[in-house]
Amino acid sequence: MAAKHGSSGVFKLYSGSLRDISGYLELAGIKRAIDTAETSGLGDTAKEYIPGLSDATISGNGQYDVTFDGYIDVALTAQSTTAPTWEYYPGGNVTGQAKYSGSCYITKWDTESKIDDKSTCELELQVTGAITRAVV
């Protein structure tokens, strides 16, 4: 198994154009889940399920930057008419690595300044529709 260092990751978000925001993030990731519906019946001795709808969220956090804040503001404004697109390359955007993509809505954009630390930000996206996986 070939391990990849997290610093290779790339995350892009549509904000007027598909922008690489990796340099502003210290963490990015996708959380995926599939609903299940119980189908157990009388006489069963164990629960049984069928798969349902898939769901995913994307989260990221990092350093606050006025340019990054501007990108998010453009995406927030635009999402009233269309869901921004995104791309995520957990192992980097080089040949042979996985690329995930789809559309999303920004559900959280928090900024924070502490007197004894750097200014930070936190971003959460709700994926809408299916996620596409490809290999670069």
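Rules behind the numbers
Residues numbered from 1 in each chain as written. Predicted model: local features only at pLDDT ≥ 70, side-chain atom pairs only at ≥ 80, totals over all residues. Heavy atoms only, no water. Pairing = 2+ DSSP bridges. Helix = DSSP H or I, 4+ residues; strand = E, 2+ residues; numbered from the N terminus. Salt bridge = Lys/Arg side-chain N within 4 Å of Asp/Glu carboxyl O. Buried < 20%, exposed > 50% of the residue type's maximum accessible area, 1.4 Å probe, protein only. Phe/Tyr/Trp six-rings, centres within 6.5 Å; stacked < 30°, edge-to-face > 60°.

(A) Region of interest: the pairing of strand β7 (residues 120–135). Relative to β7, strand β4 (residues 49–63) runs antiparallel, the two sharing seven bridges. Residue pairing for β7: asparagine 61 is matched across the bridge by glutamate 122. Here strand β6 (residues 98–112) runs beside β7; their pairing, made up of 13 bridges, is antiparallel. Within the sheet, the bridge partner assigned to serine 101 lies in β7 and is threonine 132.

(B) Representation of the pattern of salt bridges. All chains considered together, the criterion is met by five salt bridges. Glutamate 122 serves as the salt-bridge partner of lysine 108, at 3.4 Å between the closest nitrogen and oxygen. A residue pair is termed long-range when its members are at least 10 positions apart, and lysine 108 in strand β6 and glutamate 122 in strand β7 qualify at 14 residues. Using a relative accessible area of 33% as the deciding quantity, one classes glutamate 122 as partly exposed. Where glutamate 124 meets lysine 108, a salt bridge forms, and the shortest distance between an N and an O atom there is 3.8 Å. Here the residue glutamate 124 occupies a position in strand β7, and lysine 108 occupies one in strand β6, the gap between them amounting to 16 residues. Among the residues examined, glutamate 124 registers a relative accessible area of 29% and is labelled partly exposed. The structure contains a network of salt bridges with shared partners spanning Lys108, Asp110, Glu122 and Glu124.

(C) Spotlight on the packing of aromatic side chains. Under the definition given, this model contains five aromatic pairs. Both rings, one in tyrosine 24 and one in tyrosine 71, keep their centres 6.3 Å apart while their planes meet at 75 degrees; by these two values the pair is edge-to-face. Here tyrosine 24 is found in the loop between β2 (18–20) and β3 (25–38), whereas its partner tyrosine 71 is found in helix α1 (residues 66–78), with 47 residues between them in sequence. Aromatic pair phenylalanine 68 and tryptophan 109: ring centres 5.1 Å apart, planes at 80 degrees, arrangement edge-to-face. With a gap of 41 residues between them, phenylalanine 68 in helix α1 and tryptophan 109 in strand β6 connect regions that are remote in the sequence. By relative accessible area, phenylalanine 68 is classed as buried at 0%. What makes tryptophan 109 buried here is its relative accessible area of 18%. Aromatic ring contacts, followed pair by pair, group Tyr24, Phe68, Tyr71 and Trp109 into a single cluster.

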